[in-house]
Amino acid sequence: MADVKKYMNFIDGKWVAPTTNEYYDNINPANRDDVIGKYPLSAKQDVDTAIESCQRAFKVWSRMLVGEREKIINKFVALLDENKQKIGEMLTREQGKTLKEALGEPTRGVVECRYFMGEGTRLEGITMPSDRPGVMSVAQRVPLGVVAAIAPWNFPFLTPLRKIMPALVCGNTVIFKPAFETPHCGVMIMELFEQAGLPAGVVNMVIGKGSVMGDAISSNPLVRGITFTGSTAVGQRINETAAKNFTKVQLEMGGKNPSVVANYSKLASAAKQLAGAAYALAGQRCTSISRVIVLEDQAEEFENYLAEETTKFVMGDGMDPKVTIGPVMNQKACEDIMGYIQSAKDEGATIRVGGKQLTGGIYDKGCWIEPTLITNVTQKMKVAIDEIFGPVLVVLRAKNFEEAVAMANDTKYGLAASIFTDDLDKIYYFVQEIESGMVHINHGTVTDGTMPFGGVKQSGIGQFSKGKTNKDFFTQYKVVYTKYV
């Protein structure tokens, strides 16, 4: 085997080795023989050094005119646009998603970064008439300071941009922790910043295990904001630790996203959209539809359509243009997902389609699980309760619409939900009653880059990300009273 390249942290404008001098192998999930590189196993000392660098850089970056920051960020966006193909190919190799899905990340990143930059010129404040003569009352937006951006492995390029860019635009500096499973996407982002001429220390990247770095970041009093996307369990720990320093948090966490099908005339269309919403990225999206609740009078017909759509997906290496689903992220994820499928069998559900891990040939070098449709599911089964984070869709039946909505709300999560119906009254009822941060009517769970993104209950806390709400997280108000006579 050829020598495997060793990658570094990026701190204070330089590529530096971790203080531990320890590294781990980053493996292609579609081919365990393909080692992408060796990446740092950093320690708390590395995190502290990066945060101190951010703190020093903040004094300069926050005082720059918005137009000066814009010039640098625009260079980054231009470089991102030029390198979309290269980024997409590496993303597929590192994360396993299809090339089409992978190319969507830098492509959408260009659009969203340009939007964020525009928002930087619209950091409006508040001016109110004073209740005292000769006094002007103004509230202006100011940056938080050092912000930590902790990214997930399922969207390892786009999600970091959604965190880092608005932070920079608002005048903050950033310590960036890429996901342990997908560090090279973080390396590529930092390389683009380096080429764009971002001043040293404005964004620092430290790679390593979340169990080590998460506490080091969230407990550091110099960190004034944490934007995190990942599991609810990890988000809870970050929230608890950050609260000790009153650090602001923006947490995007898990989901058990429902779709209700009720009195809908286009069942075949609904089935096609919901299959895509369930199985895209091998079901490894926080907004994946994982539960469908259908009224009994349409259940059999709809399940037939859904079963047909589930069989249409092609599994394999994401670089193959014929492939529509790649592998799941790693062996542990594979074992967890297969455990849920077995639990459904044990509890009396029906594996209508799929349910197996593929073996033989290329499948022995990765973890591929067939798109799996499970019917005859009840509310108390594990597959109806837990976030599986894999290509598994369960179908439950409801006697009436009110029961269907109650079943949809019977979860600790509240990220995304959808409804398919021809009935306007049902749409209004669903929008009013569903406990979810995002609601989709007669389509899957695709979101717009310029709209707020977030959840309720144990799916999220803090201001929604993306869109106009981002600046509510990345800035705070400073209220100024001026007596002029």
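Values in this document were obtained by computation on a predicted structure and should not be read as measured data.

**Some details on the packing of aromatic side chains**
Think of a pair of aromatic rings as described by two things: how far the centres are apart, and how the planes are tilted against each other in angle.
Here is step 1 of the chain: The full count for this structure, using the stated rule, is 12 aromatic pairs.
Here is step 2 of the chain: Both rings, one in Tyr24 and one in Phe180, keep their centres 3.9 Å apart while their planes meet at 15°; by these two values the pair is stacked. Of this pair, Tyr24 sits in strand S3 (residues 23-28) while Phe180 sits in the loop between strand S8 (173-177) and helix H6 (183-196), and the two are 156 residues apart along the sequence.
Here is step 3 of the chain: Owing to a relative accessible area of 10%, Tyr24 belongs among the buried residues under this scheme.
Here is step 4 of the chain: For Phe180, a relative accessible area of 25% corresponds to the partly exposed category.

**Some details on the pairing of S8**
Here is step 1 of the chain: With 5 of its 5 residues buried, S8 lies for the most part within the structure.
Here is step 2 of the chain: Here strand S7 (residues 146-150) pairs with S8 via 5 bridges, running parallel. Residue pairing for S8: Val146 is matched across the bridge by Thr173.
Here is step 3 of the chain: In this view, the connection linking S8 to its parallel neighbour strand S9 (residues 203-205) by way of H6 has right-handed handedness.

**Observations regarding the sheet that holds strand S13 (residues 289-295)**
Here is step 1 of the chain: Reading across from one edge, S14-S15-S16-S13-S12-S17-S18 is the order of the 7 strands in this open sheet, with mixed pairing throughout. Only two strands of the sheet have a single partner each, and these edge strands are strand S14 (350-353) and strand S18 (438-441). Strand-to-strand twist of the sheet, defined as the mean angle between neighbouring strand axes without regard to direction, takes the value 25°.
Here is step 2 of the chain: Where S13 meets strand S16 (residues 392-398), 5 bridges bridge the pair, whose relative direction is parallel. Bridge pairing in S16 places Ile293 opposite Leu396.

**Thoughts on the sheet that holds strand S6 (residues 135-143)**
Here is step 1 of the chain: On the basis of which strands lie adjacent, the open sheet formed by 3 strands has the order S5-S6-S20 and antiparallel pairing. Looking along the sheet, the strands with just one partner apiece sit at the ends: strand S5 (126-129) and strand S20 (475-483). The average angle at which neighbouring strand axes cross in this sheet is 20°, direction not considered.
Here is step 2 of the chain: Note: S5 against S6, 4 bridges, orientation antiparallel.

**Points about unusual backbone geometry**
Here is step 1 of the chain: You will see that Asn263, though not glycine, has its phi angle at about 55°, which is positive.
Here is step 2 of the chain: With respect to the helices and strands, the residue Asn263 is situated in the loop between strand S12 (257-261) and helix H9 (267-279).
Here is step 3 of the chain: Assessed through its relative accessible area of 33%, Asn263 is described here as partly exposed.
Here is step 4 of the chain: In the Ramachandran plot, Asn376 falls in the positive-phi region, its phi being about 55° despite a non-glycine side chain.
Here is step 5 of the chain: In this fold, Asn376 is placed in the loop between strand S15 (372-375) and helix H12 (382-385).

**Quick look at helix H14 (residues 424-433)**
Here is step 1 of the chain: Residues Lys426, Ile427 and Phe430 constitute the buried set of H14. Viewed end-on, H14 has its buried residues packed into an arc of 105°, placing them on one side of the element. Projecting away from the buried face of H14 at angles above 90 degrees are the exposed residues Leu424, Asp425, Tyr428 and Gln432.
Here is step 2 of the chain: Contacts made by the buried residues of H14 are with S12, helix H13 (401-409), strand S17 (416-420) and S18.
Here is step 3 of the chain: With a side-chain oxygen lying 2.9 Å from the backbone nitrogen of Asp425, the N-terminal cap of H14 falls on Asp423.

**A few points about the environment of Glu309**
Here is step 1 of the chain: Its place among the elements puts Glu309 in helix H10 (residues 296-310).
Here is step 2 of the chain: Sequence separation between Glu309 and Leu274 is 35 residues; the distance between their C-alpha atoms is 9.1 Å.

**Overview of the state of the cysteines**
Here is step 1 of the chain: Taken as a whole and assessed by the stated rule, the structure comprises 0 disulfides.
Here is step 2 of the chain: Between Cys54, a cysteine without a disulfide, and Cys170, which holds the nearest cysteine sulfur, the sulfur-to-sulfur distance is 16 Å.
Here is step 3 of the chain: Classification of Cys54 as buried rests on a relative accessible area of 0%.
Here is step 4 of the chain: In this model Cys334 remains outside any disulfide bridge; the closest cysteine sulfur is found in Cys367, 4.3 Å from its own.

**Comments concerning the pattern of salt bridges**
Here is step 1 of the chain: A complete count under the given rule lists 22 salt bridges for this structure.
Here is step 2 of the chain: Measuring nitrogen to oxygen at the nearest pair gives 3.0 Å for the salt bridge that ties Asp472 to Arg141. One end of the pair, Asp472, is in helix H15 (residues 470-474); the other, Arg141, is in strand S6, with 331 residues separating them in the sequence.
Here is step 3 of the chain: By relative accessible area, which is 15% here, Arg141 ends up buried.
Here is step 4 of the chain: We note a salt bridge from Lys457 to Glu435, for which the minimum N-O separation is 2.7 Å. Here Lys457 is found in the loop between S18 and strand S19 (460-461), whereas its partner Glu435 is found in the loop between H14 and S18, with 22 residues between them in sequence.
Here is step 5 of the chain: For Glu435, a relative accessible area of 38% puts it in the partly exposed group.
Here is step 6 of the chain: Connected through shared salt-bridge partners, Glu119, Arg122, Glu124 and Lys471 make up one network.

**A few points about the nonpolar core**
Side chains that are nonpolar tend, in soluble globular proteins, to be buried together.
Here is step 1 of the chain: Core analysis: the largest hydrophobic core is formed by 60 residues, its most contacted members being Val260, Val261, Phe302, Val377 and Val383.
Here is step 2 of the chain: Sort the elements by how many residues they give to this core and H9 lands first, with 8 residues.
Here is step 3 of the chain: If we skip the residues at most four places from it in the chain, Val377 touches Ala349, Val383, Ala384, Val394, Val395 and Leu396.

**Considering a nonpolar patch on the surface**
Here is step 1 of the chain: Together, Ile126, Met128, Tyr477, Val479 and Tyr481 make up a nonpolar patch on the protein surface, roughly 530 Å² of accessible area in all.
Here is step 2 of the chain: The set of elements that each furnish at least two residues to the nonpolar patch consists of S5 and S20.
Here is step 3 of the chain: At 3 residues, the largest contribution of residues to the nonpolar patch is made by S20.
Here is step 4 of the chain: Here Tyr481 shows up in strand S20.
Here is step 5 of the chain: Owing to a relative accessible area of 54%, Tyr481 belongs among the exposed residues under this scheme.

Conventions adopted
Residues numbered from 1 in each chain as written. Predicted model: local features only at pLDDT ≥ 70, side-chain atom pairs only at ≥ 80, totals over all residues. Heavy atoms only, no water. Phe/Tyr/Trp six-rings, centres within 6.5 Å; stacked < 30°, edge-to-face > 60°. Helix = DSSP H or I, 4+ residues; strand = E, 2+ residues; numbered from the N terminus. Buried < 20%, exposed > 50% of the residue type's maximum accessible area, 1.4 Å probe, protein only. Pairing = 2+ DSSP bridges. Right-handed = clockwise from strand over helix to strand, strands pointing away. Axes fitted to C-alpha atoms, helices over the stretch in contact; angles between N-to-C directions. Arc of directions from axis to C-beta. Contact = heavy atoms within 4.5 Å. Polar contact = N/O pair within 3.5 Å; in protein donor to acceptor, adjacent residues only side chain to side chain. Disulfide = S-S within 2.5 Å. Salt bridge = Lys/Arg side-chain N within 4 Å of Asp/Glu carboxyl O. Core = buried A, V, L, I, M, F, W, Y, C linked by side-chain atoms within 4.5 Å. Patch = residues over 30% accessible without salt bridge, like charges linked within 9 Å, V, L, I, M, F, W, Y side chains within 5 Å. Areas by Shrake-Rupley, 256 points an atom, 1.4 Å probe, with all protein chains shown as cover.

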